[in-house]
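Structural characterization, general
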There are 2 protein chains.
Amino acid sequence: MDEFSFIKSIQPTGYRQSSLIKGINDDAAVFRQTSQDIVTSVDTMVEEVHFSKKTMTPYHVGYRALAANLSDLAAMGSTPAFYLVSLVVPKGWNKEELSELYRGMQELSDKYQMDLIGGDTVSGKELCVSITVFGYVIKRMARYRNSALAGDIVFATGTLGDARAGLECILTGQDEPFLMGRHRMPSPRVHFAEKLTVLERVTLNDVSDGIANESNEIAEASAVDLHLDFEKVPYSPSVATLFPDKYEEWILSGGEDFELLGTVSEKDWSKVQEIAKQTNTVVTPIGVVKESVDQEGRVYMVKNGEKSILNKSGYTHLQEERD
Amino acid sequence: MDEFSFIKSIQPTGYRQSSLIKGINDDAAVFRQTSQDIVTSVDTMVEEVHFSKKTMTPYHVGYRALAANLSDLAAMGSTPAFYLVSLVVPKGWNKEELSELYRGMQELSDKYQMDLIGGDTVSGKELCVSITVFGYVIKRMARYRNSALAGDIVFATGTLGDARAGLECILTGQDEPFLMGRHRMPSPRVHFAEKLTVLERVTLNDVSDGIANESNEIAEASAVDLHLDFEKVPYSPSVATLFPDKYEEWILSGGEDFELLGTVSEKDWSKVQEIAKQTNTVVTPIGVVKESVDQEGRVYMVKNGEKSILNKSGYTHLQEERD
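- Per an unreviewed UniProt entry, the recorded name for chain A is Thiamine-monophosphate kinase, and the organism is Halobacillus seohaensis.
- What UniProt states about chain A under its Function (unreviewed entry) heading is, verbatim, "Catalyzes the ATP-dependent phosphorylation of thiamine-monophosphate (TMP) to form thiamine-pyrophosphate (TPP), the active form of vitamin B1."
- According to UniProt, the comment filed for chain A under the heading Sequence similarities (unreviewed entry) is "Belongs to the thiamine-monophosphate kinase family."

Okay, here's the thing in C-alpha cells:
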C-alpha cells in the first residue's frame, strides 16, 4: 500500500477546533490551550484480540476504537478535541476497508467536533489501531478515581454486561441488534460527564474491564470501601433472558461497556440525576461509600442478602466482617 | 503476561515536568500549559519491519523508538516534555526484555527530563511500539516546512546515510561501532533545534526517509525550488569506503538518520553556525533556495557538474531548464 496516497485520502479538508495551530502535514501537530487543562490518553485495539472481521466490519473497528478513547476522556470530565491515529496494516486489509475504518472514527469525531491532527501508518502482520486522544477540561476540574468519600452514593451509567452479551450474540448467530450494537458501537458518556463540571466533586472511572475491576480501582485510589448492592446493578433484561448462566458474571466483569462508574455526595445526587435527564443518560445508584478501617479500600457486594468481598476479577468471597 | 504487574514495574516513581497535573494511574493524564504552544506527534515501530532481534537488543528498540519521536519534536523547534507508550506484545517477548525496552526509552527521557505519563499494553502477534510525544515551544515559534524563502541557505545536521550503512554492517557482520550505533541509537537534534528559537525564521524538517524526500517536502510546502550540491552533502568517509556502490543512494534516501534538514536566511546563517558550535552539532550548508517559477516547488541537484531533478525516492532525472 502506498502510505502517502492513503494518508492523502483520509486527511481532513478543514479543522474545527480553534485551539489548533497546525494539523496534519508537518513533523507534528501544534495547538495552544491557555484557559483549560489538557487531558490525554492512548488506547490500542488488535485484530483477533479485541475484534475480528467475523465480529466487526472495518467501520465498527474504527468507531469502537475511538469510542473507547472517548470514554477515557469522559471519565476525566473532559471535552474531546483532537486525536492521532497509529495504524499497523497487514496485507489482508485493503484501502477500501481502511477508508471504512476511518469513516467509523469520523462518525464519532464529527459528533464531538474533534479534529484528526496526525498519525502514522506502517505495515505489519495484524491490524493494530492505536489512538491518542486529547480533551480539554476547566482548570482543576478533571475527575479522578481518588476523590470518593465516605457517605457518597455509588452510581453507574447505562446497562452493564451488554457488550459482552452482544459479542456472544454475534459469535453464536443470535440476531439481537441492540446488544450487538452495544459491542460494536458503544456510547461514550461524553455529554453527561462534561455537564458534571458544575459539581464541586465527583469521582469517575471508565468501565472498560467491568465494574468489579473499576469499583476496586476507586476503592483503592480513594482508600474507602464501596458497598454495592447486586440487585441494583443495571442490566438489560434480554441479557438475563438469553444468557441465564452467564449474565451475573458479565454484569460485573464482562467489560467493554464504556459506561461510567462514579461516586458523588448525597447532597449532589439530585444534580447528577438532573444532568442525566438533560443528556438522555440512564444513571442508577448501586451502592454507598463507607470509611475503610485500614485504609486499604475494598469492595463489598450484597447479593441474596449475603455480603461478600468483590475482587477485581469479579469473584466474590465471604470474609469475616471487620470491626 | 500480567499487564498490571508489568505496568507497576515500569511506572515512574516521580515526575519532573512542573506542568504535569496527573500522570499514570487514572483514565488519562492531565497537564496545563498556558505560556507555550503544545506540539504532539505519534510514531510506530513494528518488529520485522523496522527492526528485528537480530539487528537490535530490546534496549535499542526502546531507545530508537523514542529517538525517532524526539526527532519530530526537534524538527518543530520544541522542547520534549511527555510521552505515552502503546505496546503490542507477542508471546516471544518476556518481561525482562520489555523492561530493557523501557530502559532504552528511559535513558533518553532522563536526558531530556521527560515524563512517561501513560500508555496501553496489549497482546498480539508481533511487537509494535507506538509512542506519542508532547513538546513545548514558545508561542508562534514552532518551525514548519512551509517557511523557506528564495535566497535561503539549505543546511543539514550530522552525516547522512549512516543509519542505513550501520544496518548493513549489522546484517553482514561488519564490526563498525560508530555506524551500528547510528542505526540503533540515533541522536535527535533536540538541543540544537531548541536554541534556534532565537531566530525569527528557520525552516526545519526531520530526516526520517532521507533528504531526497525531505527536501521535496520543504520545496512543495514552501512553493520554492531547492538547489542542492551533491558534493556538499555530509557523510561519513567509512560509508563510502565500505559501500562504494551504495553510499550515494544511502546519503540521499537511506533514511532513519533522524538529522534535521533546514533553510535559513543568509543573514542568520552565522547564528545557526554559532548554535551548532554551542550544541556540538555538525551543520553543513548543502544548497540554496530559489524562486519556483510555477510555484510547484522542485528539488534540483548538481552532481559532477550536471543539474538534475531530485525526486522524493532519491532518483534523479535530467530536465530541460525552465525559463
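This is not the end of the story, as more comes after the structure.
**Quick word on the UniProt feature "binding site: substrate" (unreviewed entry) in chain A**
Residues and elements named next belong to chain A.
- Residues annotated by UniProt as "binding site: substrate" (unreviewed entry) correspond here to His-50, Glu-256 and Tyr-315. These annotated residues cover 266 residues of sequence, and their C-alpha atoms reach 22.9 Å apart at the extreme, placing them across more than a single site.
- Mapping His-50 onto the fold places it in the loop between strand E2 (29–46) and helix H2 (58–75).
- Topologically, Tyr-315 is positioned in the loop between strand E12 (306–310) and strand E13 (316–317).
- Ignoring anything within four residues of it in the chain, the contact list for Tyr-315 reads Ile-309 and Leu-310.

**Some thoughts on the sheet that holds E12 of chain A**
All names here are of chain A.
- As summarised here, the arrangement of the eight strands in space is E7-E9-E6-E10-E8-E11-E12-E13, forming an open sheet in which the pairing is mixed. Among the strands making up the open sheet, the edge pair consists of strand E7 (203–207) and E13.
- Helix H7 (residues 211–222) contacts E7, strand E8 (224–229), strand E9 (259–264), strand E10 (283–291), strand E11 (299–303) and E12 of the sheet and is inclined by roughly 150° relative to E7.

**Observations concerning the sheet that holds strand E13 (residues 316–317) of chain B**
All names here are of chain B.
- Read across the sheet, eight strands follow the order E7-E9-E6-E10-E8-E11-E12-E13 without closing on themselves; strand pairing throughout is mixed. Strand pairing shows two members of the sheet lacking a second neighbour, strand E7 (203–207) and E13, which therefore form its edges.
- Pairing of strand E6 (residues 153–157) with strand E10 (residues 283–291), which is carried by five bridges, proceeds in the antiparallel orientation. If you follow Thr-157 over to E10, its bridge partner there is Val-283.
- Sheet strands touched by helix H10 (residues 269–278): E6, strand E9 (259–264) and E10. Its angle to E10, the strand with the most contacts, is close to 155°.

**Observations regarding the packing of aromatic side chains**
All names here are of chain B.
- Counted according to the given criterion, the structure contains 21 aromatic pairs over all chains.
- Here Phe-82 and Tyr-136 contribute two aromatic rings whose centre-to-centre distance is 6.0 Å and whose plane-to-plane angle is 90°, an arrangement assigned as edge-to-face. With Phe-82 in strand E3 (residues 79–89) and Tyr-136 in strand E5 (residues 128–138), this residue pair connects regions lying 54 residues apart in the sequence. Here Phe-82 matches Tyr-136 in class, with each residue buried.

**Notes on helix H5 (residues 177–184) of chain B**
- Of the positions making up H5 of chain B, those classed as buried are Leu-179, Met-180, Arg-182, His-183 and Arg-184 of chain B.
- Buried residues along H5 of chain B sit against helix H2 (58–75), helix H4 (162–172), helix H8 (237–242) and E9 of chain B.

**Examining H2 of chain B**
Residue and element names in this part refer to chain B.
- Taking 1.5 Å per residue as the helical rise, H2 with its 18 residues ought to reach 26 Å, and the 26 Å between its terminal C-alpha atoms agrees with that figure.
- With 18 of 18 residues buried, H2 lies mostly within the body of the structure.
- Among the residues trailing H2, Gly-77 stands out with phi positive, at a value near 75°.

**Details of the relation of the copies chain B and chain A**
- It takes a turn of 180° to lay chain B on chain A, together with a shift of 0.0 Å along the axis; the resulting RMSD is 0.0 Å. Taken together, these values place the two copies in the relation of a two-fold axis. Among all residues of chain B, the one whose C-alpha sits closest to the rotation axis is Thr-34 of chain B, at a distance of 2.0 Å.
- Of the residues that chain B buries at the interface, 100% are likewise interface residues in chain A, meaning the two copies contact each other through the same surface.

**Details of the domain arrangement of chain A**
Residues and elements named next belong to chain A.
- Entries for chain A in the domain assignment read domain 1 (3–138) and domain 2 (153–317).
- Once you take the C-alpha centre of each, domain 1 and domain 2 turn out to be 26 Å apart.
- Of the residues lining the interface, 21 residues belong to domain 1; the matching set on domain 2 comes to 21 residues.
- Buried area between domain 1 and domain 2, summed over both chains or domains, comes out near 1,800 Å², and the portion from carbon and sulfur atoms is 65%.
- Three residues stand out in domain 1 for area buried against domain 2, namely Thr-55, Arg-64 and Tyr-112, and they jointly supply 27% of the buried area on that side.
- A salt bridge links Arg-64 to Glu-256; the nearest nitrogen and oxygen atoms lie 3.1 Å apart.
- Joining domain 1 to domain 2, the criterion identifies five residue pairs in polar contact (both at pLDDT 80 or more).
- Secondary structure elements with two or more residues in the side of domain 1 that touches domain 2: H2 and strand E3 (79–89).
- Per-element accounting of the side of domain 1 that touches domain 2 gives the leading share, eleven residues, to H2.

**Description of the interface of chain B and chain A**
- The partner chain A presents 54 residues to the 54 residues of chain B that form the contact.
- Between chain B and chain A we count six salt bridges in total.
- A salt bridge links Arg-145 of chain B to Asp-27 of chain A; its shortest N-O distance comes to 3.1 Å.
- In this structure, the connection of chain B to chain A is made through 23 residue pairs in polar contact (both at pLDDT 80 or more).
- Secondary-structure elements contributing two or more residues to the side of chain B that touches chain A are strand E1 (20–22), strand E2 (29–46), H2, E3, strand E4 (115–123), E5 and E7 of chain B.
- Element by element, the count of residues in the side of chain B that touches chain A is highest for E2 of chain B, at 15 residues.
- A per-class count over the side of chain B that touches chain A returns 23 nonpolar, 15 polar and 16 charged.
- Where E2 of chain A and E2 of chain B come together, seven bridges link them in antiparallel fashion. When the sheet's bridge partners are listed, Ile-38 of chain A is paired in E2 of chain B with Phe-31 of chain B.

**A short note on the UniProt feature "binding site: Mg(2+) 4" (unreviewed entry) in chain A**
- Under the present numbering, the feature "binding site: Mg(2+) 4" (unreviewed entry) in UniProt falls on Asp-27, Ser-41 and Asp-72 of chain A. Spanning 46 residues, the named residues do not form one spatial group; their C-alpha atoms are separated by as much as 26.5 Å.
- Positionally, Ser-41 of chain A belongs in strand E2.
- Once residues lying within four places of it in the same chain are set aside, the contact partners of Ser-41 of chain A are Asn-69, Asp-72, Ile-131, Thr-132 and Val-133 of chain A together with Asp-27, Ala-28 and Leu-84 of chain B.
- Looking at the element boundaries, Asp-72 of chain A is found in helix H2.
- Take Asp-72 of chain A: its relative accessible area is 7%, and that puts it in the buried class.
- When residues no more than four places from it in sequence are discounted, the contact partners of Asp-72 of chain A are Ser-41, Asp-43 and Asp-206 of chain A together with Asp-27 of chain B.

Reading guide: rules and limits
Every chain's residues receive numbers from 1 upward, in the order its sequence appears when written. Here every chain gets a letter starting at A, and every ligand a number starting at 1, in the order they are written. Only residues with pLDDT of 70 or above have their local features reported here, since the model is predicted, and side-chain atom pairs are shown and tallied only from 80 upward, although totals for entire chains, interfaces and linings are computed over all residues. Water and hydrogen atoms were dropped before computing side-chain values, which therefore reflect all heavy atoms in the structure. UniProt positions are given in the numbering used here, feature names are shortened, and annotations may be inferred rather than shown by experiment. Helix and strand labels come from DSSP, where a helix needs a run of H or I of at least four residues and a strand needs a run of E of at least two; each type is numbered from the N terminus. Contact between two residues is taken to exist if any of their heavy atoms lie within 4.5 Å; hydrogens are not considered. When DSSP finds two or more bridges between two strands, those strands count as paired. Every axis corresponds to a line fitted to the C-alpha atoms, with the helix fit spanning only the stretch in contact, and the corresponding angles, defined between N-to-C directions, vary from 0 to 180 degrees. Side-chain rings of Phe, Tyr and Trp, where Trp is taken by its six-membered ring, are said to pair if the distance between their centres is within 6.5 Å; with planes under 30 degrees apart they count as stacked, over 60 as edge-to-face, and otherwise as tilted. Residue burial is assigned from relative accessible area. The probe radius is 1.4 Å, only protein chains are included, and a residue is buried under 20% of its type maximum, exposed over 50%, and partly exposed in between. Expected helix span is given by 1.5 Å per residue-to-residue step, counting one fewer step than there are residues. We superpose the copies by least squares over the C-alpha atoms of residues that have a pLDDT of at least 70 in both of them. Reported domain spans reflect what an automatic or database domain assignment gives. Once two parts are put together, the accessible area they lose, assessed with a 1.4 Å probe and summed over both, is termed the buried area. What counts as a salt bridge is simple: a side-chain nitrogen of Lys or Arg found within 4 Å of a carboxyl oxygen of Asp or Glu. Under the rule applied, a polar contact is a pair of N or O atoms within 3.5 Å (in protein, one hydrogen donor and one hydrogen acceptor; residues adjacent in sequence only if both atoms are side-chain atoms). Polarity classes work like this: nonpolar for Ala, Val, Leu, Ile, Met, Phe, Trp, Tyr, Cys and Pro, charged for Asp, Glu, Lys and Arg, and polar for all others, with Gly in that last group.

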